[in-house]
Amino acid sequence: MTELLEPESHTPGILLIYTAIFFFAILFRYFVAAGVFYYYYYVKNFKKYDERRLSKRLANRKQLKNEIVWSIKSSAIFALVGAATYWLWLKGHTAVYLEPGLYGYWYLPVSLLAILLIHETYYYWVHRWMHHPKIFRIVHKVHHDSRIPTPWTAFSFHPWESLIEALILPLILIFLPVNVYILGFYLLVMTVSSVVNHLDIEIYPLWFQKSRFGKLFIGATHHHHHHTEFMTNYGLYFTFWDKLMATESRKMKS
């Protein structure tokens, strides 16, 4: 481990190795998260959840194959950005820290919330920009080719969109002190949230969805309407920007 942290070992070859390690780790995370949800809801318990599917039909095999291919490409982009961020950390150019108590244990959940809110704000406005007709065709259309979301849609992006989505986290980590364990947990939340939102089956109980607290969060129903209506429900984790900017689907209020 010590050898990995030695500055003199940072050669282009080592950076390529870092990128390869990140690639396989990200791809593993994608296949495990998407695979577990797909198996549980679409294979093992297909009949149990069939009537609860938000779309009237299932995605065909061609769509699933395309989603996985695009997701592999996205994982490569994410890995490249991840390796570059790791290199910046090794050089001391990020605010990522190892000791959990460095800023006080109270700061750990605060930093997690800060990342979520910053990422949410970035994503909402970038997402709206990606829906501009000229930008949409180049950057965002690949994701919306999945008219019927599936767990495999979670990472299905054009490389340009993957890059745009990946850039915000390194920028956050350069300026905001974040513990490495919080960072790892956030990456897990980001992946699972994306899979759940594209599940096309609402897994949150009705009482939670109708509660004040539950209405703050985006689930499969909220994002399903984005894939069917295109110009509503731009949020990532939370609904507050859609509510503030009047871009939330009317179906969420019915």
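You'll find the structure just up there.
Residues numbered from 1 in each chain as written. Predicted model: local features only at pLDDT ≥ 70, side-chain atom pairs only at ≥ 80, totals over all residues. Heavy atoms only, no water.

Okay, the nonpolar core next. Counting residues in hydrophobic clusters, the biggest one holds 25 residues, and the most contacted among them are Phe37, Tyr41, Phe78, Phe155, Val195, Leu199 and Ile201. Elements that contribute at least two residues to this core include exactly α1 (12-44), α3 (61-90) and α7 (180-197). Setting aside anything within four residues of it in sequence, one finds Ile201 in contact with Tyr41, Tyr42, Tyr49, Arg52, Arg53, Leu54 and Ala220. If you look at the next biggest cluster of nonpolar residues, it comprises 20 residues, including Val96, Ile168, Ile172 and Tyr186. (Core = buried A, V, L, I, M, F, W, Y, C linked by side-chain atoms within 4.5 Å. Buried < 20%, exposed > 50% of the residue type's maximum accessible area, 1.4 Å probe, protein only. Helix = DSSP H or I, 4+ residues; strand = E, 2+ residues; numbered from the N terminus. Contact = heavy atoms within 4.5 Å.)

If the charged atoms of two oppositely charged side chains come close together, the side chains can form a pair. Under the definition given, this model contains 4 salt bridges. In this structure, Arg53 and Asp50 form a salt bridge, with 3.2 Å as the shortest nitrogen-oxygen distance. Accessibility expressed as a relative area gives 37% for Asp50, which makes it partly exposed. Asp145 serves as the salt-bridge partner of Lys141, at 2.9 Å between the closest nitrogen and oxygen. (Salt bridge = Lys/Arg side-chain N within 4 Å of Asp/Glu carboxyl O.)

Examined against the element boundaries, Leu187 turns out to sit in helix α7. With 38 residues separating them along the chain, Leu187 and Pro149 place their C-alpha atoms 21 Å apart. Residues in contact with Leu187, not counting those within four places in the same chain, are Arg29 and Leu169.

Looking now at unusual backbone geometry. In the Ramachandran plot, Phe230 falls in the positive-phi region, its phi being about 70 degrees despite a non-glycine side chain. Locating Phe230 in the fold gives a position in the loop between α9 (220-229) and α10 (240-244). If you check the backbone angles, Ala246 has positive phi at about 55 degrees while not being a glycine. Counting through the fold element by element, Ala246 comes out in the segment after α10. Judged by relative accessible area, Ala246 falls into the exposed class, the value being 67%.

For the pair helix α4 (residues 107-130) and α7, interaxial distance at closest approach is 10 Å and the crossing angle is 40 degrees. By the angle between their axes, α4 is oblique relative to α7. Considering how the two elements wind past one another, α4 and α7 form a crossing that is right-handed. On α7, the residues that touch Leu108, Ser111, Leu112, Ile115, Leu116 and His119 of α4 are Ile182, Phe185, Tyr186 and Met190. The residue makeup of the contact of α4 with α7, split by class, is 8 nonpolar, 2 polar and no charged. (Axes fitted to C-alpha atoms, helices over the stretch in contact; angles between N-to-C directions. Parallel < 35°, antiparallel > 145°, perpendicular 65-115°, else oblique. Left-handed = near helix turned anticlockwise from the far one by under 90°. Nonpolar A, V, L, I, M, F, W, Y, C, P; charged D, E, K, R; others polar.)

Attention shifts here to α7. With 18 residues, α7 should reach 26 Å at 1.5 Å per residue; the first-to-last C-alpha distance of 26 Å fits that figure. Three or more residues of α7 are buried, namely Ile182, Leu183, Tyr186, Thr191, Ser193, Ser194, Val195, Val196 and Asn197. Buried residues along α7 sit in contact with α1, α4, α6 (159-175), β2 (178-179) and α9. One side-chain oxygen of the residue at the start of α7 lies 2.9 Å from the amide nitrogen of Tyr181, identifying that residue as Asn179. (Expected span 1.5 Å × (residues − 1). Polar contact = N/O pair within 3.5 Å; in protein donor to acceptor, adjacent residues only side chain to side chain.)

In short, geometric facts, not functional conclusions.
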